[in-house]
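Okay, here's what each chain looks like letter by letter:
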Amino acid sequence: MVKQSENIMDKIVSLAKRRGFVFQSSEIYGGLNGCWDYGPLGVELLRNVKDAWWKAMTFRDNIEGLDASILMHPRVWEASGHVENFTDPMVDCKSCKARYRVDILLDELSTKKKKETLREMFPGKFEGQQKDEIIESEFAKIANDDNALRSLLSALSCPQCGNKSTFTDARKFNLMFKTFIGPMEDSSAIVYLRPETAQGIFVNFLNVQSASRQKIPFGIAQIGKAFRNEINTKNFLFRTREFEQMEMQFFVKPETDETWFEYWREQRMQWFYDLGMRKEKLQWHKHDKLAHYARNAYDIEYQFPFGWGEIEGIHNRTNFDLSRHEEFSGKSLKYFDEEAKEKYVPFIIETSAGASRSCMAFLIEAYREEEARTADGEMETRVVLKFNPKLAPIKAAIFPLVNRDGMPEIAKKIEHDLRPSFRVFYDDSGAVGRRYRRQDEVGTPFCITVDSETLENQTVTIRERDSMEQVRVAISSLKSWLSERL
Ligand code: GAP
């Protein structure tokens, strides 16, 4: 029987800390908001997610890899539109000093609350039984009008202190972190920590194309850190200020963009299925309001315990990016199509996933609480992370059944032989049942036990994490047995 708890996020955050997946950044100083550190098991999980992505994307003949620098020429961010447009409207509560992103503040209101607010703002107008859609669309209209937004904010109460009419006017807040390059701290030395990895790919488009002699259509993939000075960080690794992205930009001939867009949509969703995400936990969200650069955009959303949230975006960015970089740099970024004997600025289909956000989704997806029988026949709750074996931080644990009769020596030898090929873990403390539970909790797919039968016939017991079934395997074939299953 599977029992999923309501306060699942709290349990996962606590397990993540206790077992060394994720720690709060600078914890001994009280933490740094929106920043997290990956511990010994977290770093393996994150690395496995990134490796799976890197293999799926670059083990193809038409995608090249890149690792661009985090700091880029400041004109890049003018060309990309980030200096002007990468802003969120923000308000502060004058009473309790809480800070909110206006869109999130308004999104979190129930339709009932929105109706009450509209009634207060327009006495007599919303007294009837209007449909929810009408209320939602009227409310959205007001939220998008700068003047009306001011009266709307004064009709609302602060969610933290409950006081009414305490919000400041909405102000635009640029999400890019700024710093200075070189010794002068003046405006001519400002550079930004990149808020996305994509721009490093765009500005290197022709470098990569000519060095690799790729022909369009082809892509460039990159994994790397991105930084956003988010107004509200929340939900663990979901919205952080420092995070990692896994982005691929696919350069195509202009008229073929929508075909490639559909191709990449299908490929990217399949990637999550292949790594064990249940279909019912993933959905598409089509963007009605498109970003300034996009012709079409869909998000892959995962059903987190706190609701549906984007884990990856697939965007048809048209020729916006390369055209803008041509305009701002004065350098041609046109591709010469030798077959058609024509020059053009390619269109770009972008697949943009969060490595850290996906890592959290895989952690949540794997988390289960199940009723299981102990060795003494008692029922207990077993916490198990059912990772796809490719993602599991530890692939196999090795136990001597008892710490005598030569069992530890054999188990140590197995550990020594397997370690160059797999991430393995040796554990000889406590009852075997307890050792199984400790490995279940971190998602180790196989536990190998050296027991008295091993002394007679050189075989070991392998216990599988999900089914808890046990098989006997010869020590000599352990490596190939594991390879087949990992
Ligand atoms: N180049 C396009 C781009 O950056 P985005 O939708 O802003 O698009 C892509 O970001 C992905 O990056 C998101 O789907 C999410 O997984 C991840 N991401 C964005 N902001 C994040 C944040 N503050 N914390 C963690 N992950 C984030």
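One structure accompanies this document, and this report is about it. (Residues numbered from 1 in each chain as written. Predicted model: local features only at pLDDT ≥ 70, side-chain atom pairs only at ≥ 80, totals over all residues. Heavy atoms only, no water.)

As a further point, take the pattern of salt bridges. Side-chain pairs of opposite charge can arise where the charged atoms are in close proximity. Following the criterion strictly, the structure yields 45 salt bridges and no others. Residues Lys17 and Glu27 are paired through a salt bridge, measuring 3.2 Å at the closest nitrogen-oxygen approach. With Lys17 in helix α1 (residues 8-18) and Glu27 in the loop between β1 (22-24) and β2 (36-38), this pair connects stretches of sequence that are 10 residues apart. One salt bridge connects Glu44 with Arg423, and the closest N-O pair in it is separated by 3.4 Å. Note that Glu44 is positioned in helix α2 (residues 40-58) and Arg423 in the loop between α14 (407-418) and β20 (424-426), a separation of 379 residues in sequence. A residue is classified by how much of its surface remains accessible, and Glu44, at 15% relative accessible area, is buried. The exposure class of Arg423 is partly exposed, given its relative accessible area of 45%. Look at the salt bridges and you will find they share partners, linking Glu370, Glu380, Arg382, Lys386, Arg434, Arg437, Asp440 and Arg463 into a network. (Salt bridge = Lys/Arg side-chain N within 4 Å of Asp/Glu carboxyl O. Helix = DSSP H or I, 4+ residues; strand = E, 2+ residues; numbered from the N terminus. Buried < 20%, exposed > 50% of the residue type's maximum accessible area, 1.4 Å probe, protein only.)

Attention now goes to the packing of α2 against helix α13 (residues 355-366). Two elements in contact, α2 and α13, have axes separated by 10 Å at closest approach and are oriented at 110°. Taken as axis vectors, α2 and α13 run roughly perpendicular relative to one another. Helix-helix and strand crossings are classified by hand; for α2 and α13 the assignment is right-handed. Between α2 and α13, the contacting residues are Leu45, Leu46, Val49 and Lys50 on the first element and Ala355, Ser356, Ser358, Cys359, Phe362 and Leu363 on the second. Taken together, the residues of the contact of α2 with α13 break down into seven nonpolar, two polar and one charged. (Axes fitted to C-alpha atoms, helices over the stretch in contact; angles between N-to-C directions. Parallel < 35°, antiparallel > 145°, perpendicular 65-115°, else oblique. Left-handed = near helix turned anticlockwise from the far one by under 90°. Contact = heavy atoms within 4.5 Å. Nonpolar A, V, L, I, M, F, W, Y, C, P; charged D, E, K, R; others polar.)

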